[in-house]
Amino acid sequence: MNWLWQGNSDVVFRTDDERKKNRLRKNILIFLGSAVVVVLLAAFFLLLSYDFDLENAIGSADSVVEGEENKYVVKNVSGEENILMYCTDDDEKIVKFICAVKFDMDRKEITVLPVSTKEKIFTYNLKNVNASECYKKGGILQLVQSASDYVGVEFSKYIGCKEGSIEGIVANFDELEITFEKDMVFRKDADTVTFPKGKHTISDDVVVKLLTYPASEDLQTFRAELVLEMFKQYFNESSLENRNMIYSDIINQTDSNISVVDFTSYKDHIVVLSSDKVRKKYAVASSAQDFRE
């Protein structure tokens, strides 16, 4: 027999069979503990691949957007977000383009309001100024506040860029398909771009020209419709799968207060906007009042 000394207790005697049984019991417990750790690690990495969204991981009775790697559940999202979008020249002295965008997730509708860059509809030091003067004298926060006063809504988020960054931003997406309702000519210095009436495929470098080049007519409504087409075509399954990389690339080329935390919180909204299973509406507002309604 073998004996073990347990402190001040009496001597305990165990047979070889008892020692073997204890060792076997200990090995089983160690094995089970290891198995639990492996299962927990596997569950962690599974949820990580699904953005820690349990519904995405286990599936849902709701409709889903099929992705190459994941299945994204289309949830019933709600709420409204107003964002101010703008573009300046590369010297950041002239505002070339500005618009207000409303994402109404209750209606599943995106509305764009073109805002004039020439008219003195902004305010700075109690004076009426145009967008460029407002931006040059007061900076982006003043431009956002003045736009908010003019439109009559609060822009909690904004995103802007220099015209030289537009090409790099839209390069994250497929080329645009644009239908021109009439012949249009865009001209800047010696560069002239002409589009006959009809459907055209627009490359990255041409998008810059459509948004910033002067033309022989007022382009506010056309550019608002162009932004809507970007939303229609850019929100798709491919951009959904690559949204984190796209966000990182865009945010590095823009001036924006949309943080990575904000962007993460928008995931369910992006899924809805990217899903072909959800019917969405797109509209160009004819006035600030129309935008607010």
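What you are looking at is a predicted structure, and each value in this text was computed from that prediction instead of being measured.

(A) Spatial organisation of the overall build of the protein. For the protein, the count of helices and strands is 11 helices and 16 strands. Residues counted as buried form 40% of the 293 residues belonging to the protein. Contacts in the protein between residues at least 24 apart in sequence constitute 57% of all its contacts with a sequence separation of at least 6. Summed over all atoms, the accessible surface of the protein reaches about 17,200 Å², with 52% contributed by carbon and sulfur.

(B) Inspection of the sheet that holds strand β7 (residues 109-114) at higher detail. Spatial ordering of the open sheet is given by β15-β10-β5-β6-β7-β16, a layout of six strands whose pairing is mixed. Across the chains shown, the open sheet's two edge strands, defined by having one partner strand only, are β15 (255-256) and β16 (281-284). Both β7 and β16 contribute to a ladder of four bridges, which runs parallel. If you follow I110 over to β16, its bridge partner there is Y282. Seen against the sheet, helix α4 (residues 163-170) touches β5 (80-88), β6 (95-104) and β10 (157-162) and runs at an angle of roughly 105 degrees to β10. Relative to β7, helix α6 (residues 220-234) is tilted by about 150 degrees, and along the sheet it contacts β5, β6, β7 and β16.

(C) Broad picture of the pairing of strand β11 (residues 176-180). Where burial is concerned, the two faces of β11 differ: the one with L176, I178 and F180 is buried and the one with E177 and T179 is not. Bridge count for β11 against strand β14 (residues 198-202) is five bridges, and the pairing is antiparallel. Across the sheet, L176 pairs through a bridge with I202, a residue of β14.

(D) Geometry of the layout of surface pockets. Taken as a whole, the largest pocket spans an internal volume of roughly 1,100 Å³. M85, I159, F231, F235 and I250 are, among the 39 residues lining the largest pocket, the residues nearest its centre. Taken as a whole, the second largest pocket spans an internal volume of roughly 490 Å³. As for the second largest pocket, its lining consists of 22 residues, and the residues nearest its centre are K96, T117, K118, P214 and R223. Contributions of two or more residues to the lining of the second largest pocket are made by β6 and α6.

(E) The arrangement of the nonpolar core in detail. Counting residues in each nonpolar core, the largest one holds 55 residues, and the members touching the most others are F103, F180, F186, I202 and L210. At eight residues, the largest contribution of residues to this core is made by α6. Aside from chain neighbours lying at most four places away, what touches F180 is F186, F195, P196, K197, G198, H200, I202, L210 and F222.

(F) Examining the packing of aromatic side chains more closely. The final tally for this structure, using the stated rule, is nine aromatic pairs. Aromatic side chains F231 and F235 sit 6.0 Å apart centroid to centroid with 20 degrees between the ring planes, which places their arrangement in the stacked category. Looking at F231, the relative accessible area reads 13%, which means it is buried. Through successive ring pairs, a cluster of aromatic residues spans F180, F186, F195 and F222. Taking NZ or CZ as reference, K102 lies 5.2 Å from the ring centre of F291, over its face.

(G) Representation of the side chain of D89. When you line up the elements, D89 lands in the loop between β5 and β6. K96 provides the closest opposite charge to the buried, unpaired D89, separated from it by 6.6 Å. Polar contacts involving the side chain of D89 include one to the main-chain amide nitrogen of K93, which spans 2.8 Å.

(H) Spatial organisation of the pattern of salt bridges. The tally for this structure, following the rule as stated, stands at eight salt bridges. As a salt-bridge pair, R107 and D104 come within 3.6 Å of each other at their nearest N and O atoms. When its relative accessible area of 7% is taken as the criterion, D104 is described as buried. As a salt-bridge pair, E163 and K188 come within 3.7 Å of each other at their nearest N and O atoms. Linking E163 in helix α4 with K188 in strand β12 (residues 184-188), this pair joins segments that are 25 residues apart in sequence. E163 sits in the buried class, given a relative accessible area of 10%. Overlapping salt bridges bring together D104, R107 and E109 as one network.

(I) Main features of the environment of S248. Position of S248 among the secondary structure elements: in helix α8 (residues 243-251). The partly exposed category is assigned to S248, whose relative accessible area is 34%. Considered as a pair, S248 and V260 are 12 residues apart in the sequence and their alpha carbons are 8.5 Å apart.

(J) Structural detail: the confidence of the model for the protein. A residue-level look at the protein finds 76% of positions with pLDDT of 70 or above and a mean pLDDT of 84. Note on residues 1-7: pLDDT under 50 across the span, and 15 contacts to partners over four residues away in sequence or across chains. This model gives residues 43-52 a pLDDT under 50, and the stretch forms 13 contacts once residues within four places in sequence are excluded.

Calculation rules
- Residues numbered from 1 in each chain as written.
- Predicted model: local features only at pLDDT ≥ 70, side-chain atom pairs only at ≥ 80, totals over all residues.
- Heavy atoms only, no water.
- Helix = DSSP H or I, 4+ residues; strand = E, 2+ residues; numbered from the N terminus.
- Buried < 20%, exposed > 50% of the residue type's maximum accessible area, 1.4 Å probe, protein only.
- Contact = heavy atoms within 4.5 Å.
- Areas by Shrake-Rupley, 256 points an atom, 1.4 Å probe, with all protein chains shown as cover.
- Pairing = 2+ DSSP bridges.
- Axes fitted to C-alpha atoms, helices over the stretch in contact; angles between N-to-C directions.
- 1 Å grid on protein atoms, 1.4 Å probe; cavity = no way out; pocket = protein on both sides within 12 Å on 5 of 7 lines; lining within 4 Å.
- Points joined across faces, edges and corners; volume = space filled by probe spheres on them.
- Core = buried A, V, L, I, M, F, W, Y, C linked by side-chain atoms within 4.5 Å.
- Phe/Tyr/Trp six-rings, centres within 6.5 Å; stacked < 30°, edge-to-face > 60°.
- Lys NZ or Arg CZ within 6 Å of the ring centre and 35° of its normal.
- Lys, Arg positive; Asp, Glu negative; His and termini not counted.
- Salt bridge = Lys/Arg side-chain N within 4 Å of Asp/Glu carboxyl O.
- Polar contact = N/O pair within 3.5 Å; in protein donor to acceptor, adjacent residues only side chain to side chain.
- pLDDT = per-residue confidence, 0-100.

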